[in-house]
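What follows is each chain in one-letter form.
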Amino acid sequence: MRHIYADFIGRVAKPVRYLGGEYNQVRKDPAQVDARVVLAFPDVYEIGMSHLGTKILYTRLNRDERIGCERCFCPWLDMEAELRERGLPLVALESGDPLSAFDVIGVSLQYELTYTNVLTMLDLGGVPLRAADRADRDPLVVGGGPCATHPEPVAAFFDALFIGEAEEVLPQLVVDWAAMRRAGRARRDALAELAARYPLYVPSLYREVVDADTGMVCVGEPIDPRAPTCVRRQVVDDLDAYPFPTDAPVPYAEAVFDRASVEIARGCTEGCRFCQAGMIYRPVRERDPRQIVDAIVGNVDRGGYDETSLTSLSTADHSCIAPLVREVAERLRAKKVSLSVSSLRAYGLSESVLDDLASVRATGLTFAPEAGTQRMRDVVNKNVTDEHIEQSAHRVFARGWDRIKLYFMIGLPTETDADVAGIVDTGARVLAIGRQYAGRRAEVTVSVSSHVPKPHTPFQWCAMDPLDEIERKQQVLRERAAGTGVRLRYHDSGISFLEVVFARGDRRLADAIELAWRRGARFDGWDECFDLDRWRAVFADLGVPVDAMLGTIPVTSRLPWDHIDVGLEDGFLLREYRQALKDRLSPPCGKPFGDIVHHTNVADAVADRRKLVCYDCGVACDLTKMRADRLDALRALGALEPRTPAATAAAAQAPARRRRPRPRARFAAGDRFSFRVRYAKLGRLAFLGHLDTMRVLTRTCRRAGIDVAYSQGFHPKPLVQFAPALSLGVPSAGELFDVALENDLSSEVLLERLREVAPDGLVFTGAARADGAPKLSKAIDEYELAVRPPDDGMRADRARAERLAAAAMARDAFECARGDKVVDVRRYLVAVDVVDGAVVAGMCALFDWPPADAVLRARVRVGAEGSAKPSEVAAALGIPGAPVARLGFRKVASDGARLDPLALAGDVATLGRDEAIVCAPA
């Protein structure tokens, strides 16, 4: 089946963003399910494929036999332009169906500056932008995620907002809606029925009221008795009931966080007063450590990743983080897989945790002190001292790391210039410590963002600093950082300005969002796309009172998000706000009073009988059960007694270390068993760039469990070598790569294992032992190229192909521009002939070409002096833009060494028509 985008997809950046077919994707027959859902992530593929929530829900929904769940991401600007020019819809990756064909469109609202992207996806998907304009047969557009807890600016575009965590109830919600839709229920009636059953906020079911103090439009009483007055957040009590998936789709293109990340806990104990996530994801729930280990290892084995991450809002606060890291590190070490730990506290890294991380190739570490002075850290309730920061710096640099990144904020309540300057001073102290161990290699990056007062936090009433004040503070940072060696990074203050408006705004912003979108607003969170002047003009044209949304809000006023109950008791946020204005800390909850870290072993935990601290935030935590669960987790990991860190006190004062030599990936005699593998790169895989192809092949080898050999050194690399790169969009029947294995296998077993775990479009066609063989760059002299002449109103015939071949070979030269260079393609063109018959039929089926009677076959020289690209060869043949495909490689001269049979072009006809259909974009 030919993909709807096949004719133009090669013209856009990163075509594989839009084609699907990844390993582990789930594709169900629409006729065999009761409900169809598309998870629409309003950002590019590389970001959406990193999102853990999408992975969790995709797996959860598809494990329900009644539901078919697919994915869709927001097209980049070039792809949107192509779709609009051709009048084509935005389609889901798995089926290629437009968004309008689904029962439910689930939109992930992770970030306010993706709101215009939501409109792009709905419009291109064939769905009316506004809920009021949708008919009974239109899909249900439901939003979820953190921004659903303050959704008024985009409420007009959503039929419903899911409040809270969806794993438990979303599958039944989807099935219920699909059933009511099939039964012909009126849309308004069906929405009210869902609002009565599920944690859904349906904006159309509520009256609007205006707050007298602020003039803000808020949500009043429901107009339908089935809708709740206040929508309470859904909470998953037991995360272990929904194990973290190990079979989520593996991205083709490199994702932003291109690793096997596993959520180890939900919620946070710290209570930072600026942090919305720390408030709306309470209570803290931890996954069973054995499930975490199994999920990490399962993702490595089933996905082929060589990097992993333990992640949560505060990973170092997991009650058994030290033995957990040790267990994971032990399981990953033999697999040559690196481990990182996200969202670290500056006090949360024990020496033993750092020792374990160092043993599995962890790179630079990141901490978030948030503020540069102790007073300011007390204001935001960050339980971190200068001593904690410096102690962690000593421990990190002493173990061989040479980079640390520190996150801070400016624009916090009560902030002074001394607090701003303290940010750079903190970074400079950490850098000085680093230079004691790593010398000039030590690197400290200070990344500074602007504080955005978010709903459902103690700072929700605070004003945001005006833009000119933020820019002045950024100048203070620049002047303070000059000459310190600290690397300073900060964000565009205009983006933060818009984020605040969308976070604290009301329903009047819907008109502004739509107008800005119609004027070209897209990807507002991207620096290269953000246009503050456009937004200011829209606000001015519509008379949007942005000052009210940016300024201080009276604590007695009604808020546009008061109808969303995230589980905190009345008065808690205000108490914390007042504590902040007095520079007072609140202790971390769930820990013994006076402590800021958990015990790392059973002996110490049992001996400590102090009560655990409770915030009294309104979330009912069972502290007795919490203590018992932590002991069980420590026992499960064998953490019975205190552990002695590997690094001694003397090592912590070691002088600067010498730079480690870079490992070299070589295929020497001691590299175990080398194989040369031939594969076809077809269909959607033709649109994968060379680096991404290398990544896919390496992951396929890891999934196959064939024990790839690695180089030596601190950062070992897989011993894999690749044939010359293939141009984007060009399929191939005979690509090559060499791989060294730790263990001997037969070629037949190797091929069988690779084929079992290959994604669509990757067809392994041959393998042979290559011990002692010359590396690929010396094993090939030519590549073979097939070029299909255009029809020009009739099927491509042999006579015309022969004329083109003769004309090309008669040329003395054919110059072609390649960037700022001029390349003589003719000097690389060895021979051109014409093929027909069964081979041509096989080519046309394999490469998804229209039938032809004859195809040109060119032999193109490859060597140290370079080569010609397939598109350049087609131009030299007098048919620029003609369909091309690489057939394989040749070795035309021998110096007596054993010839590798896989260095010859493959027999295209033997791959067969059936495989061509399977591998073509579907």
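Just so it is clear, the model here is predicted, and its values are computed rather than measured.

A closer look at the overall build of the protein
Okay, step 1: Scanning the protein from N- to C-terminus turns up 28 helices and 29 strands.
Okay, step 2: When the backbone C-alpha atoms are referred to their principal axes, the protein occupies close to 85 × 75 × 55 Å.
Okay, step 3: The buried share of the protein, taken over its 922 residues, is 59%.
Okay, step 4: By sequence separation, contacts in the protein at least 24 residues apart represent 78% of the contacts at least 6 residues apart.
Okay, step 5: Accessible surface, the protein: about 35900 Å² in total, of which carbon and sulfur atoms supply 50%.
Okay, step 6: The average position of the 123 basic charges and that of the 130 acidic charges among the side chains of the protein differ by 4 Å.

Examining the side chain of Glu499
Okay, step 1: Turning to its location among the elements, Glu499 is positioned in helix H15 (residues 493–504).
Okay, step 2: In this structure the side chain of Glu499 is engaged in a polar contact, spanning 3.3 Å, whose partner is the side chain of Lys454.

Here we look at the environment of Ser496
Okay, step 1: Residue placement: Ser496 occurs in helix H15.
Okay, step 2: Remark: the alpha-carbon pair of Ser496 and Met464, spanning 32 residues in sequence, is separated by 9.1 Å.
Okay, step 3: Sequence-distant contacts of Ser496, that is, excluding residues within four places in its chain, are made with Ser450, Val452 and Met464.

Some thoughts on helix H16 (residues 509–518)
Okay, step 1: Where burial is concerned, most of H16 is hidden: 7 out of the 10 residues are buried.
Okay, step 2: For H16, the set of buried residues is Leu509, Ala510, Ala512, Ile513, Glu514, Ala516 and Trp517.
Okay, step 3: One or two positions beyond H16, positive phi appears at Gly520, with a value near 110 degrees.

Some remarks on the state of the cysteines
Okay, step 1: One pass over the structure, following the stated rule, counts 0 disulfides.
Okay, step 2: Looking at the unpaired Cys621, the closest cysteine sulfur is the one in Cys617, lying at 6.2 Å.

Quick notes on the sheet that holds strand S10 (residues 260–263)
Okay, step 1: Strand order across the open sheet formed by 3 strands is S10-S13-S14, with parallel pairing between neighbours. Lying at the two open borders of the sheet, with one neighbouring strand each, are S10 and strand S14 (338–341). The average angle at which neighbouring strand axes cross in this sheet is 20 degrees, direction not considered.

Some remarks on helix H9 (residues 321–333)
Okay, step 1: The end-to-end C-alpha separation of H9 is 18 Å, in line with the 18 Å expected for 13 residues at 1.5 Å each.
Okay, step 2: In terms of burial, H9 is largely enclosed, as 10 of its 13 residues are buried.
Okay, step 3: What H9 keeps buried is the set Ile321, Ala322, Pro323, Leu324, Val325, Arg326, Glu327, Val328, Ala329 and Leu332.
Okay, step 4: Tucked into the core, H9 has its buried residues touching helix H8 (289–303), strand S13 (307–311), S14, helix H10 (351–358) and helix H21 (623–636).

What about the packing of aromatic side chains?
Okay, step 1: For the structure shown, the criterion picks out 15 aromatic pairs.
Okay, step 2: For the ring pair Trp76 and Phe523, a centre distance of 4.5 Å and an interplane angle of 50 degrees mean the geometry is tilted. Of this pair, Trp76 sits in the loop between strand S2 (67–73) and helix H3 (77–86) while Phe523 sits in the loop between H16 and helix H17 (532–542), placing them 447 residues apart in sequence. For the residue pair Trp76 and Phe523, the accessibility class agrees, reading buried in each case.
Okay, step 3: With 5.8 Å between their ring centres and 40 degrees between their planes, Trp535 and Phe539 make a pair best called tilted.

Quick word on the pairing of strand S29 (residues 884–890)
Looking down a regular strand, the side chains alternate between one sheet face and the other.
Okay, step 1: For S29, the buried fraction is high: 6 of the 7 residues fall into the buried class.
Okay, step 2: As paired strands, strand S24 (residues 782–787) and S29 are joined by 6 bridges and run antiparallel to one another. Across the sheet, Glu782 pairs through a bridge with Arg890, a residue of S29.

Considerations on the nonpolar core
Nonpolar side chains in soluble globular proteins tend to end up buried together.
Okay, step 1: Ranked by size, the top nonpolar core spans 238 residues in total, and within it Phe539 and Phe764 carry the most contacts.
Okay, step 2: Per-element tally for this core: the top contributor is helix H13 (residues 417–438), with 8 residues.
Okay, step 3: Residues within four places of Phe539 in sequence aside, it is in contact with Phe497, Leu498, Val501, Leu509, Ala512, Val544 and Val546.
Okay, step 4: Tyr828, Ala854, Ala876 and Phe889 belong to the second-largest nonpolar core, a separate cluster that totals 36 residues.

Points about the pairing of S13
Okay, step 1: Counting buried positions along S13 yields 4 of 5 residues, so the element is predominantly enclosed.
Okay, step 2: Pairing analysis gives 4 bridges linking S10 to S13, with the strands arranged parallel. Across the sheet, residue Glu263 finds its bridge partner in S13, namely Thr311.
Okay, step 3: The sheet contact formed by S13 and S14 spans 4 bridges and is parallel. When the sheet's bridge partners are listed, Ser309 is paired in S14 with Ser340.
Okay, step 4: Each parallel crossover has a hand, and the one from S13 via H9 to S14 is right-handed.

Considerations on the pattern of salt bridges
Okay, step 1: If you walk through the whole model with that rule in mind, you get 77 salt bridges.
Okay, step 2: The residue Arg36 makes a salt bridge to Glu70 at a minimum N-O spacing of 3.0 Å. Here Glu70 lies in strand S2 and Arg36 lies in strand S1 (residues 35–41), a separation of 34 residues in the sequence. For the pair formed by Arg36 and Glu70, the shared burial category is buried.
Okay, step 3: For Asp103, the salt bridge identified is with Arg181, shortest N-O distance 2.7 Å.

Some thoughts on the confidence of the model for the protein
Okay, step 1: In this model, the protein carries a mean pLDDT of 89, and residues with pLDDT of at least 70 account for 92%.
Okay, step 2: Segment residues 895–922: pLDDT under 50, and 65 contacts once partners within four positions in sequence are set aside and those in other chains are kept.

Focus on a negative patch on the surface
Okay, step 1: Taken together, the side chains of Asp468, Glu471, Asp492, Asp527 and Glu528 make up a negatively charged region of the molecular surface.
Okay, step 2: Inspection of the secondary structure puts Glu528 in the loop between H16 and H17.
Okay, step 3: What makes Glu528 exposed here is its relative accessible area of 57%.

Digging into unusual backbone geometry
Okay, step 1: Pro283 follows Arg282 through a cis peptide bond whose omega is 0 degrees.
Okay, step 2: For Pro283, the location among the structural elements is in the loop between helix H7 (276–280) and strand S12 (285–286).
Okay, step 3: Within the chain, Asn381 stands out as a residue other than glycine whose phi angle is a positive 70 degrees.
Okay, step 4: Note that Asn381 resides in the loop between helix H11 (374–379) and helix H12 (386–398).
Okay, step 5: For Asn381, a relative accessible area of 0% puts it in the buried group.
Okay, step 6: Its identity is not glycine, yet Asp707 carries a phi of approximately 55 degrees, on the positive side.
Okay, step 7: Examined against the element boundaries, Asp707 turns out to sit in the loop between helix H22 (690–703) and strand S21 (720–722).

Quick notes on the side chain of Ser314
Okay, step 1: Its location among the elements puts Ser314 in the loop between S13 and H9.
Okay, step 2: Residue Ser314 is classed as buried on the basis of its relative accessible area, which comes to 4%.

Concerning the sheet that holds strand S17 (residues 443–450)
Okay, step 1: Spatially, S15-S16-S17-S18 is the arrangement adopted by the 4 strands of the open sheet, whose pairing is parallel. Because the sheet does not close on itself, it has two edges, and the strands there are strand S15 (365–370) and strand S18 (487–490). Strand after strand, the sheet turns through a mean of 20 degrees between neighbouring axes, direction not considered.
Okay, step 2: The pairing of strand S16 (residues 403–410) with S17 spans 8 bridges and is classified as parallel. By the bridge assignment for S17, Ile410 is matched with Ser450.

Here is what the cut-offs are and how they apply
- Residues numbered from 1 in each chain as written.
- Predicted model: local features only at pLDDT ≥ 70, side-chain atom pairs only at ≥ 80, totals over all residues.
- Heavy atoms only, no water.
- Helix = DSSP H or I, 4+ residues; strand = E, 2+ residues; numbered from the N terminus.
- Buried < 20%, exposed > 50% of the residue type's maximum accessible area, 1.4 Å probe, protein only.
- Contact = heavy atoms within 4.5 Å.
- Areas by Shrake-Rupley, 256 points an atom, 1.4 Å probe, with all protein chains shown as cover.
- Lys, Arg positive; Asp, Glu negative; His and termini not counted.
- Charge placed at Lys NZ, Arg CZ, Asp CG, Glu CD.
- Polar contact = N/O pair within 3.5 Å; in protein donor to acceptor, adjacent residues only side chain to side chain.
- Disulfide = S-S within 2.5 Å.
- Pairing = 2+ DSSP bridges.
- Axes fitted to C-alpha atoms, helices over the stretch in contact; angles between N-to-C directions.
- Expected span 1.5 Å × (residues − 1).
- Phe/Tyr/Trp six-rings, centres within 6.5 Å; stacked < 30°, edge-to-face > 60°.
- Core = buried A, V, L, I, M, F, W, Y, C linked by side-chain atoms within 4.5 Å.
- Right-handed = clockwise from strand over helix to strand, strands pointing away.
- Salt bridge = Lys/Arg side-chain N within 4 Å of Asp/Glu carboxyl O.
- pLDDT = per-residue confidence, 0-100.
- Patch = residues over 30% accessible without salt bridge, like charges linked within 9 Å, V, L, I, M, F, W, Y side chains within 5 Å.

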